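Chain by chain, the residues run as shown.
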Amino acid sequence: MTIDDKIGQTAQRGASSRVKGPLPEALKNAVREGRAGSVINVVDIEKVNELQRIAVEESPRHIPLIFARDVIHGFKTIFPIPLGQAATWDPEIVEQGSRIAATEASSNGIRWTFAPMLDIARDARWGRIAESPGEDPYLASLLAKAYVKGFQGDNLSAPNSIAACAKHFAGYGAAEGGRDYNSANIPEQLLRDVYLKPFAAAKDAGIGTFMAAFNDLNGVPSTGNQFLLKGILRNEWKYDGMLVSDWNGVVEMTTHGFARDSSDAAAKAANAGVDMEMASNTYEKNLKELVASGKVSITQLNTLVRDILRLKFRLGLFDNPYTETPDGKVILTDANLAAAKKAVIESTVLLKNDNITLPFAKNVKKIAVIGPLADAPHEQLGTWTFDGDAKDTHTPLTAMQQLYGKDNIFYAPGLNFSRDRGTDGFSKAVKATHDADAIVFFGGEEAILSGEAHSRADIGLPGAQDSLISALHQEGKPIVLVIMAGRPITLGNILNKVDAVLMAWHPGTMGGPAIADMLAGIYTPEGRLPVTWPKTGAQEPLYYNHTNTGRPATKQAYVALDSIPVGAWQSSLGNTSHYLDAGYLPQYPFGYGLSYTMFDYYHLVQDKTVINPGETIQISAEIVNVGERAGTDIVQLYVQQMVGDVVRPVRELKGFKKISLSPRQKQMITFKLTAADLAYHNQQMKLVTDPGIYKVWIGRNSAEGLQGSFEIKEAPVVKEKGRKIKRIVGGKTSTN
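None of these values were measured; they are calculated from a predicted model. (Residues numbered from 1 in each chain as written. Predicted model: local features only at pLDDT ≥ 70, side-chain atom pairs only at ≥ 80, totals over all residues. Heavy atoms only, no water.)

Student: Lay out the overall build of the protein in plain terms, naming residues and giving numbers.
Tutor: Counting its regular elements, the protein contains 18 helices and 28 strands. The globule rule puts the C-alpha radius of gyration for 736 residues at 27 Å, and the 27 Å found for the protein is close to it. C-alpha atoms of the protein, sized along the principal axes, occupy 75 × 70 × 55 Å. When each of the 736 residues of the protein is scored for burial, the buried share is 59%. (Helix = DSSP H or I, 4+ residues; strand = E, 2+ residues; numbered from the N terminus. Rg over C-alpha atoms; globule rule 2.2 N^0.38 Å. Buried < 20%, exposed > 50% of the residue type's maximum accessible area, 1.4 Å probe, protein only.)

As structure tokens, then:
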């Protein structure tokens, strides 16, 4: 290959959303001249095959193209947003959804998706929390593996498999203030123990590609961050897949103030190991001169191109470059829709259910359906659904009319869209409730209000939704609030005006039938929160696995704003870390979720109280369904290391099991822990497990549970891939 051939492979070309109409001649010529390694956003089997024919028959080296697309939570069959899928706590659901997405997308020629997004998100103001796996690295890591398996299948070269992409590497979810694209400042210990864990899991699962993040990490843009991209990804993790920039990520290093110009940006990205440039053309314009001047070595350029070609070989494109029309229907099949509906049921979180409002009793026959999202087919699909079609969406209004009969559903949206501040529709909405036995309000936020570039400072219900709910409350009838949104929504005083709350996220194509069935009790919502739910956006960032301060807040020491006497003597009051006006607790903790039945936890049992290197401890509890209905619970295991070389989180999720029990049925649930499961990075960035006391809980969420404890007598040897073996003994580090 000539140097021009090589540089051509590093370019990804296409359009920002979709190449519409005839293929542009400029794009065809770029492919014909060998100036494209990949094409993004061409989604049509005939256009894909036309460009592929030009590449393999007319370009100088006959190298096939990779066709890429953002297939985030479905292609045509849209599943709940990724944050909603995380609420299932079910890797099988995630894998199944990704497999369906891969099968549908590949039938249109797509062989590479820019998913999964694996950014740990601790701030609900950040718009892209909707795409995240939540705040916990353990749960996120399990889901990362499921995404990779689903998208890539058992054989990446199979025609219905697509290469997955772990994005955004790394720290993007820690953007300051939840403002998209902003700086992320993450200590290395926190980076390794929290933010990098799901990426490492994706790498271990054999993911085909990584994407460098937009943000700067500790002052160095990720796109040119050698410590991150070379030091960790390539050298420590031995990753040999392909690394792509994000959209314009290379040239934006000049805006960051990290690169002088596009040539400097190209050099820094190439030398950091970014193989392919998305959208911008700094490589095309500058790499040849950079190699000639020695600023980028020919060896480094060869490495970039090898990574790209290796992916094409792994995808089988050299043997089978073209897309064939599949036998039979693969888009929006009955099986796909059934799977999407199941995902909605497993992801929906029951947050409140006063007086057993849900499921509706048999005497609830007439229902007022109110709210801007009751019949909004596009909005319920959620963020980043380029190929989802509103005409294929089943809305709650339609589903409830089918279930209860049109004559028994009184529909009045009250608001035209979620941000609508007008009150003209209020009177009609209130009137619709007069003959109803109950009210279901479908609120939240439009799809465009979450996702990339859609951060919000106020994460309450937008527009006049609060006011409309207050007006409905005056009617004195049971109100169920169904939230469709890309993030937790603060509920303020509205929470006290509704009897039940279902968080359905943006549920996708089959949201309507799933929600209607859950309201009626045909199915029970099974989701648990994958993020902490705040009382107010001002509490953010808010997450359960925080560290203690020297003065942690407690129920006994907490001081509320209104409890302070007027004219009080100046003092530190409660002397603990909390807000006077919002307290120290969230609205709902991580892992929280109710059911239509009740589960009690009994008899925590440990087979040991002391473990030594190489040993395993078993911790068990008995779970009993004490209600009158069958139901599903997610039993969660948390651990706290009491003393460490660095301060340790107050709790860390270390296991969970999903169980289904009939009324009065009981089941003993057992978890196993080894000392290696408790390893973390110490001050020297060595992966260690400390001797000492550990608390352990088995419970239904991160804020409660049956408590035990155990001791690790001696720290075991822990070996991290690509790093030296270390042992902590008596607080000192020794090398073996």
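Student: I'd love a proper account of the pattern of salt bridges, names of residues and values included.
Tutor: Counted under the stated rule, the structure contains 44 salt bridges. Between Arg 700 and Glu 704 there is a salt bridge whose closest N-O contact spans 3.2 Å. Assessed through its relative accessible area of 27%, Arg 700 is described here as partly exposed. Judged by relative accessible area, Glu 704 falls into the partly exposed class, the value being 32%. Taken together, the shared-partner salt bridges in this structure form one network comprising Asp 70, Arg 128, Glu 131, Lys 167 and Glu 452. (Salt bridge = Lys/Arg side-chain N within 4 Å of Asp/Glu carboxyl O.)

Student: Give a detailed account of the UniProt feature "domain: Fibronectin type III-like" (unreviewed entry) in the protein, specifying residues and quantitative values.
Tutor: The UniProt record annotates "domain: Fibronectin type III-like" (unreviewed entry) at residues 633–702. Annotation note: span residues 633–702, helix share 0%, strand share 60%, distance between end C-alpha atoms 14 Å. (UniProt positions renumbered as here; feature names shortened; annotations may be inferred.)

Student: Give me the lowdown on empty space enclosed by the protein, citing residues and values where you can.
Tutor: By the definition in use, this model includes six cavities of 30 Å³ or more. In terms of residue class, the lining of the largest cavity is made up of six nonpolar, three polar and two charged. (1 Å grid on protein atoms, 1.4 Å probe; cavity = no way out; pocket = protein on both sides within 12 Å on 5 of 7 lines; lining within 4 Å. Points joined across faces, edges and corners; volume = space filled by probe spheres on them. Nonpolar A, V, L, I, M, F, W, Y, C, P; charged D, E, K, R; others polar.)

Student: Give a description of the sheet that holds strand S2 (residues 38–40) that names residues and reports values.
Tutor: The sheet built from five strands is open, its strands ordered S4-S3-S2-S1-S10 with parallel pairing. Whereas interior strands pair on both sides, the edge strands pair on one side only; in this sheet they are strand S4 (112–113) and strand S10 (277–278). Pairing of strand S3 (residues 66–69) with S4, which is carried by two bridges, proceeds in the parallel orientation. Across the sheet, Ala 68 pairs through a bridge with Trp 112, a residue of S4. (Pairing = 2+ DSSP bridges.)

Student: I'd like to hear about the layout of surface pockets, residue by residue, with values.
Tutor: Volume-wise, the second largest pocket comes out at about 1100 Å³. What lines the second largest pocket is a set of 32 residues, among which His 546, Tyr 584, Leu 585, Pro 586 and Val 650 lie closest to the centre. When the residues that make up the lining of the second largest pocket are grouped by side-chain class, the tally is 17 nonpolar, 13 polar and two charged.

Student: Kindly report on the sheet that holds strand S16 (residues 500–503), identifying the contributing residues and their values.
Tutor: An order of S11-S16-S15-S14-S12-S13 is seen for the six strands of this open sheet, with the pairing classed as mixed. Each having just a single partner strand, strand S11 (349–353) and strand S13 (409–412) make up the two edges of the open sheet. Recorded for the sheet is a direction-independent mean angle of 15° between the axes of neighbouring strands. The sheet contact formed by strand S15 (residues 479–484) and S16 spans four bridges and is parallel. Bridging from a neighbouring strand, Ile 483 pairs with Met 503 of S16. (Axes fitted to C-alpha atoms, helices over the stretch in contact; angles between N-to-C directions.)

Student: Now, about the pairing of S15: what can you tell me, with residues and values included?
Tutor: Within S15, six of the six residues are buried, leaving the element largely enclosed by the surrounding structure. Taking every second residue as pointing to the same face, both faces of S15 are buried, with Ile 479, Leu 481 and Ile 483 on one and Val 480, Val 482 and Met 484 on the other. Sheet analysis places strand S14 (residues 438–444) next to S15, joined by six bridges and oriented parallel. Counterpart to Gly 443 in the pairing with S15 is Ile 483.

Student: Could you give an account of the environment of Gly 492, with specific residues and numbers?
Tutor: Relative to the helices and strands, Gly 492 is located in the loop between S15 and S16. It is 39 Å that separates the C-alpha atoms of Gly 492 and His 681, two residues lying 189 residues apart in sequence.

Student: Tell me about the confidence of the model for the protein, and name the residues and values.
Tutor: Of all residues in the protein, 97% have pLDDT values of 70 or greater, and the mean over the chain is 95. A low-confidence stretch, residues 724–736 stays under pLDDT 50, and its non-local contacts, those more than four residues away or across chains, total 32 contacts. (pLDDT = per-residue confidence, 0-100. Contact = heavy atoms within 4.5 Å.)

Student: Lay out the nonpolar core with the relevant residues and their values.
Tutor: Core analysis: the biggest nonpolar cluster contains 76 residues, and Phe 169 and Phe 210 have the highest contact counts within it. When residues of this core are assigned to their parent elements, the largest contribution, eight residues, is made by helix H6 (residues 137–152). Beyond its immediate stretch of four places on either side in the chain, Phe 210 contacts Cys 165, Ala 166, Phe 169, Phe 199, Lys 203, Leu 233, Trp 237, Tyr 239, Met 242, Leu 243 and Val 244. (Core = buried A, V, L, I, M, F, W, Y, C linked by side-chain atoms within 4.5 Å.)

Student: Could you give me a rundown of the environment of Thr 549, with the residues and numbers involved?
Tutor: Here Thr 549 lies in the loop between helix H18 (511–520) and strand S17 (599–606). Residue class for Thr 549 comes out partly exposed when judged on its relative accessible area of 41%. The spacing of Thr 549 and Thr 576 is 27 residues in sequence and 8.5 Å in space, taken between C-alpha atoms. Of the polar contacts made by the side chain of Thr 549, one reaches the backbone nitrogen of Arg 551; its length is 2.9 Å. (Polar contact = N/O pair within 3.5 Å; in protein donor to acceptor, adjacent residues only side chain to side chain.)

Student: Give me the packing of helix H11 (residues 262–272) against helix H12 (residues 282–293): which residues, what numbers.
Tutor: As a packed pair, H11 and H12 sit with axes 9 Å apart at the nearest point and diverge in direction by 80°. Taken together, the axes of H11 and H12 are roughly perpendicular relative to one another. Contact residues: Ser 262, Ser 263, Ala 266, Ala 267, Ala 269 and Ala 270 in H11; Thr 282, Tyr 283, Asn 286, Leu 287 and Leu 290 in H12. By residue class, the composition of the contact of H11 with H12 is seven nonpolar, four polar and no charged. (Parallel < 35°, antiparallel > 145°, perpendicular 65-115°, else oblique.)

Student: Tell me about the packing of helix H2 (residues 25–32) against helix H3 (residues 45–58), and name the residues and values.
Tutor: Packing of H2 against H3 brings their axes to within 8 Å, and their N-to-C directions diverge by 30°. As judged from the angle between their axes, H2 and H3 are roughly parallel. For the crossing formed where H2 meets H3, the hand is right-handed. Note on element contacts: H3 touches H2 through Glu 50, Leu 51, Ile 54, Ala 55 and Glu 58, opposite Leu 27, Lys 28, Val 31 and Arg 32. Of the residues contributing to the contact of H2 with H3, the split by class is five nonpolar, no polar and four charged. (Left-handed = near helix turned anticlockwise from the far one by under 90°.)

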